[in-house]
Amino acid sequence: MTEHPTSHEGRQPLAARSHERTRPRQEAAEAPVPAQPGAAGQRAAADARSGDSAGRAGSGAPVPGQVTPPTSASAGATPPGRDGTSAERGGAPGHGAAPAGRDGAPTGQTDETAAHGGGSADRGAGSADPVAPGTGTPGQGGVSPAPTAAMAVNVTPGAAPQDVLAARREGDRLRFVGAATRRIARGIDLDEIVLGLCRATVPTFSDAILVYLRDPLPVGDERPVAPFVLRLRRTDRLRLAEVEGEELTLVPDPDPTPAAELCEVRSGGALAEVLRGVRPVFGDSAAARAALPELLGPQHVLPGGHRAILAPLRGRRRVIGAAVFLRRPERPGFEPNDLLVAAQLATHTALGIDKAVLYGREAYIADELQRTMLPDSLPQPTGVRLASRYLPAAETARVGGDWYDAIPLPGSRVALVVGDVMGHSMTSAAIMGQLRTTAQTLAGLDLPPQEVLHHLDEQAQRLGQDRMATCMYAVYDPVSHRITIANAGHPPPILLHLGGRAEVLRVPPGAPIGVGGVDFEAVELDAPAGATLLLYTDGLVESRLRDVWTGIEQLRERLATTAQLTGPDHSPPLEALCDDVLDMLGPGDRDDDIALLAARFDGIAPSDVAYWFLEPEDAAPGRARRLARRALARWDLEELSDSVELLISEVVTNAVRYAERPVTLRLLKTDVLRCEVGDDSPQLPRQRRARDTDEGGRGLFLVNRLARRWGATRLSGGKVVWFELPTRT
């Protein structure tokens, strides 16, 4: 009885194909005969037309050039001529088939080649097509798929059934390695790669796996620290549990004898020798029998036979860990070829871990760079509350050129800054850091907003060509309830009023920083108490799905809707408002990083401010003490009179000594009492230690001991010395 192969068994033995050729003469005459070049092809065509073929003779020998009609054994194959493909194209490329000519016949094919499996007759429509890798189904339309690694294992015509099974097993093994390595390669961080290895091997390749990694893992060219310690990173162990009325399912199975969490690899020990050898070894080998108890612990029971594999994990430069594959006693043991599979899995895993560690270091550097470029926390200036948000463009691009800042200024004012450097890379972040530092320095000089942008423009040109950025610089004065804004090509700010009305402020757009040769213009606007100013970068309002002005209008509507929920007499909470603004971003709205700065204007009531001018004369300190005493009595802060009079006397005395114009004295009552003394001398006072014989030099020492905070700020026309005392009301 002839054994016909199924579609997944590849080619048929020669004996089986000879039976298929034993057809009636009529069937042989009806088979299409392609043109054959040369004398051999002409003889084959003549034999087919006359019926004088090998099938008629009954010898069973294949005739070169003869085309065999499809039989019941090859029902899955496409009959010749059905899709315009000749029978000669039924074989897989690379297996001896000659290239076809214009008429479909193989060119330059000899009789010997056709008779030994290289011709078209043996690989025509009557033979089964090769199995496509990973599918188990033959190729379609009579044309076999392109050769792959899984098709490299071929069965010699006439091979025994055990050889066919072995070849099929090798193909399955190659397909498993391909699928497993693809799953491992999908991981981008350390945990994902280790998880990919475990999920790819359990239970397909092994029943349990233990992954040990070096602790700590060396990064790049770092020299690993001593001693060499391996830590159990992950272990997966599954078992088959039969639930009544249900099929067998895979459930977690805790190891009754857990492996050791830590293992110190002794230099010259058995484990060190196996790791140094790099190649996987069976658990019952002489080297592994001594190495595995050192790694897993002496109490961990190992299965006998070839049911354990110890595979070192070697990265680009050194061994970074080890993987142990285990099989249960009821399952067949590992085969010698499984060592090659374990080696492939270990190599891909180790290289992936190496790259993941490097990626983690780069991500850490990017996070640290971005964190240091942005303020750790916002200040708490008098008369204004602040909130901020920053979102990178993507997890893979964690640094960018967007920044925000809030800088306290003399006179209880605050500078609000939002900028955006072109691009989101390390270079953009470095330029952003330099521009932010420059803006802080310029703000400390108390320059007008338009002058600050002018100097930033000059600094960007000094940094190099094409160093462009946009920036919004605003100064808020809580005493006058006014805000001064200058713009350098940045999206306009939005002011949310207390009643719920949101408006886009009309600010001159200006040119971006770095263009050069342009003037910047500042505008002064009202900043009523209870209003909220929102400064942002274009990543919040612009994306591939919408233009910038459409996004600005959507943002304005979102702010108005949020404010109406809290009522006309209450402003929405600042932190919740920032979160609600970011919620407007859709899935496709994150093309750029986003910086957001929100300022709630509380202001300082005029009744809580006292302001005087003092002539630079000897009587100025006494007059300052009297004025301060009256103001404290009006504010019910008489308990602070002694400390305030003493500190004011010292600071005013120092100002009168160097001033040529009237000295200013201002008291502000908020949650603290703030005193500011200004003069026209640019020289800042410095605290020094007075000697026992010195008559002066102790004024700032007293200020430093009695005041909660104090400082001195240089202005364009002089300086301001200030101090704060806590109120006890």
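Above this note sits the structure.
Definitions and limits used
- Residue numbers restart at each chain and count upward from 1, following the sequence in its written direction.
- Reporting of local features is limited, given that this is a predicted model, to residues whose pLDDT is at least 70; pairs of side-chain atoms are given and counted only at 80 or more, and all residues count toward the totals for whole chains, interfaces and linings.
- The side-chain figures draw on all heavy atoms in the structure; neither hydrogens nor water molecules are used.
- Going along the chain from the N terminus, every DSSP run of H or I of four or more residues is numbered as a helix, and every run of E of two or more is numbered as a strand.
- The contact rule is simple, with two residues in contact once any of their heavy atoms fall within 4.5 Å.
- Shrake-Rupley sampling with a 1.4 Å probe provides the accessible areas, and residues are treated as covered by the protein chains on show and by no other component.
- Here the aromatic set is Phe, Tyr and Trp, taking the six-membered ring for Trp, and pairing holds for ring centres within 6.5 Å; pairs whose planes are under 30 degrees apart are stacked, those over 60 apart are edge-to-face, and all others are tilted.
- Relative accessible area decides the class of each residue, using a 1.4 Å probe on protein chains only: under 20% of the type maximum gives buried, over 50% gives exposed, and in between gives partly exposed.
- Lysine and arginine charges are scored as sitting over a ring when NZ or CZ, respectively, is within 6 Å of the ring centre and within 35 degrees of the ring normal.
- In short, DSSP must find at least two bridges between two strands for them to pair.
- Simply put, an axis is a line fit to the C-alpha atoms, just over the touching stretch for a helix, and the angle between two N-to-C directions goes from 0 to 180 degrees.
- Each patch is built from salt-bridge-free residues with over 30% relative accessible area, joining like charges within 9 Å and nonpolar side chains (Val, Leu, Ile, Met, Phe, Trp, Tyr) within 5 Å.
- We define a salt bridge as a contact between a side-chain nitrogen of Lys or Arg and a carboxyl oxygen of Asp or Glu at a distance within 4 Å.
- Nitrogen and oxygen atoms within 3.5 Å of one another constitute a polar contact, given that in protein one can donate a hydrogen and the other can accept it, and given that sequence-neighbouring residues count only through two side-chain atoms.
- The criterion is simple. A nonpolar core is a set of buried Ala, Val, Leu, Ile, Met, Phe, Trp, Tyr and Cys residues joined through side-chain atoms within 4.5 Å.

> Just to check I follow, could you spell out the overall build of the protein for this structure?
Per the secondary structure count, the protein includes 17 helices and 22 strands. Within the protein, contacts between residues separated by at least 24 positions form 67% of all contacts whose residues are at least 6 apart in sequence. Accessible surface for the protein amounts to roughly 35,900 Å². Of this, 51% is attributable to carbon and sulfur atoms.

> It is not clear to me how the packing of aromatic side chains should be interpreted in this structure. Could you clarify?
The geometry of an aromatic ring pair comes down to the distance between the two centres and the angle between the two planes. In the structure shown here, the tally under the stated rule is five aromatic pairs. Their ring planes at 85° and their centres at 5.5 Å tell us that F205 and F325 sit as a pair that is edge-to-face. Of this pair, F205 sits in the loop between α7 (190-201) and β1 (208-214) while F325 is found in strand β7 (residues 319-326), placing the two residues 120 residues apart along the sequence. Of the two residues, F205 and F325, both sit in the buried class. For the ring pair Y611 and F613, a centre distance of 5.3 Å and an interplane angle of 85° mean the geometry is edge-to-face. Exposure remark for Y611: the relative accessible area of 45% places this residue in the partly exposed category. Here a set of aromatic residues connected by ring pairs shows up, and it is made of F176, F205, F325 and F334. The side chain of R214 reaches across the aromatic face of F228, ending 3.8 Å from its centre. Cation over ring: R674 sits above W722, and NZ or CZ is 4.3 Å from the ring centre.

> Any chance you could explain the pairing of strand β21 (residues 709-715) here in plain terms?
Two faces make up the sheet, and in a regular strand the side chains alternate between them. Of the pairings in the sheet, the one linking β21 to strand β22 (residues 718-726) comprises seven bridges and is antiparallel in character. Residue pairing for β22: W710 is matched across the bridge by F723.

> Mind showing me how you'd approach the sheet that holds β21 here?
Neighbouring strands of a sheet are bound in pairs by backbone hydrogen bonds; such pairs are parallel or else antiparallel. Taken in spatial order, the five strands of this open sheet run β18-β19-β20-β22-β21, and their pairing is antiparallel. Sheet topology places β18 (609-614) and β21 at the edges, where each strand pairs with a single neighbour. Adjacent strand axes in the sheet meet at a mean angle of 15° when their direction is disregarded. Where β18 meets strand β19 (residues 663-669), six bridges bridge the pair, whose relative direction is antiparallel. Each residue of the ladder has a partner; that of A610, found in β19, is L667. Sitting on the sheet, helix α15 (residues 620-634) touches β18, β19 and β20 (672-679), and the angle it makes with β18 is about 165°.

> So what exactly am I meant to see when it comes to the sheet that holds strand β13 (residues 494-496) here?
Strands sit in the order β8-β17-β16-β13-β14 across an open sheet of five strands; the sheet is antiparallel. Strand pairing shows two members of the sheet lacking a second neighbour, β8 (384-391) and β14 (502-504), which therefore form its edges. Taking the axes of each pair of neighbouring strands and ignoring which way they run, one obtains an average angle of 20° across the sheet. By the bridge criterion, three bridges tie β13 to strand β16 (residues 532-536) in an arrangement that is antiparallel. What sits directly across from L496, in β16, is T532. On the sheet, helix α13 (residues 548-565) packs against β13, β14 and β16 and is oriented at approximately 10° with respect to β13.

> In this structure, what is going on with a nonpolar patch on the surface? I would like to understand it.
A cluster of nonpolar residues, Y364, I365 and M426, forms a patch on the protein surface that exposes about 280 Å² of accessible area. Mapped onto the elements, M426 comes out in helix α11 (residues 426-444). A relative accessible area of 35% places M426 in the partly exposed class.

> What am I meant to see in the environment of E524 here?
Position of E524 among the secondary structure elements: in strand β15 (residues 522-526). Along the chain, E524 and V475 lie 49 residues apart, while their C-alpha atoms are 9.3 Å from each other. Residue contacts for E524: discarding those within four places in its chain leaves R482, I483 and T484. A polar side-chain atom of E524 sits 3.3 Å from a polar atom in the side chain of R482.

> How should I be thinking about the pairing of β1 in this particular structure?
With seven of seven residues buried, β1 lies mostly within the body of the structure. A two-sided burial pattern is seen for β1, the buried positions comprising A208, L210, Y212 and R214 on one face and I209, V211 and L213 on the other. Examined bridge by bridge, β1 and β7 share six bridges and lie antiparallel to one another. Its bridge partner lying in β7, V211 is registered against A323.

> Looking at this structure, I do not really get helix α9 (residues 286-296). What am I missing?
For an α-helix the count is 3.6 residues per turn, leaving residues at separations of three or four pointing the same way. If you check which residues of α9 are buried, you get A288, A291, L292, E294, L295 and L296. Positive phi shows up at G297, right after α9, with a value of about 105°.

> What's the story with the side chain of R546 in this structure? I'm lost.
Relative to the assigned elements, R546 resides in the loop between β16 and α13. One polar contact links the side chain of R546 to the main-chain carbonyl oxygen of V541, over a distance of 3.5 Å. A polar contact of 2.6 Å, which involves the side chain of R546, links it to the side chain of Q554.

> So what exactly am I meant to see when it comes to the environment of D402 here?
Considering the arrangement of structural elements, one finds D402 in strand β9 (residues 402-409). A distance of 2.9 Å separates polar atoms of two side chains, one belonging to D402 and the other to T537.

> What exactly am I supposed to notice about the nonpolar core here?
Considering soluble globular proteins, one finds that nonpolar side chains tend to be buried as a cluster. Ranked by internal contacts, the top residues of the largest apolar core, which has 52 residues, are L416, L453, L456 and F601. By residue number, the principal contributor to this core is strand β11 (residues 469-477), which donates seven residues. Filtering out sequence-adjacent residues up to four positions away, L456 remains in contact with L435, T438, A439, L442, C471 and I513. Ranked by size, the runner-up nonpolar core spans 34 residues in total, among them I184, L190, F334 and A356.

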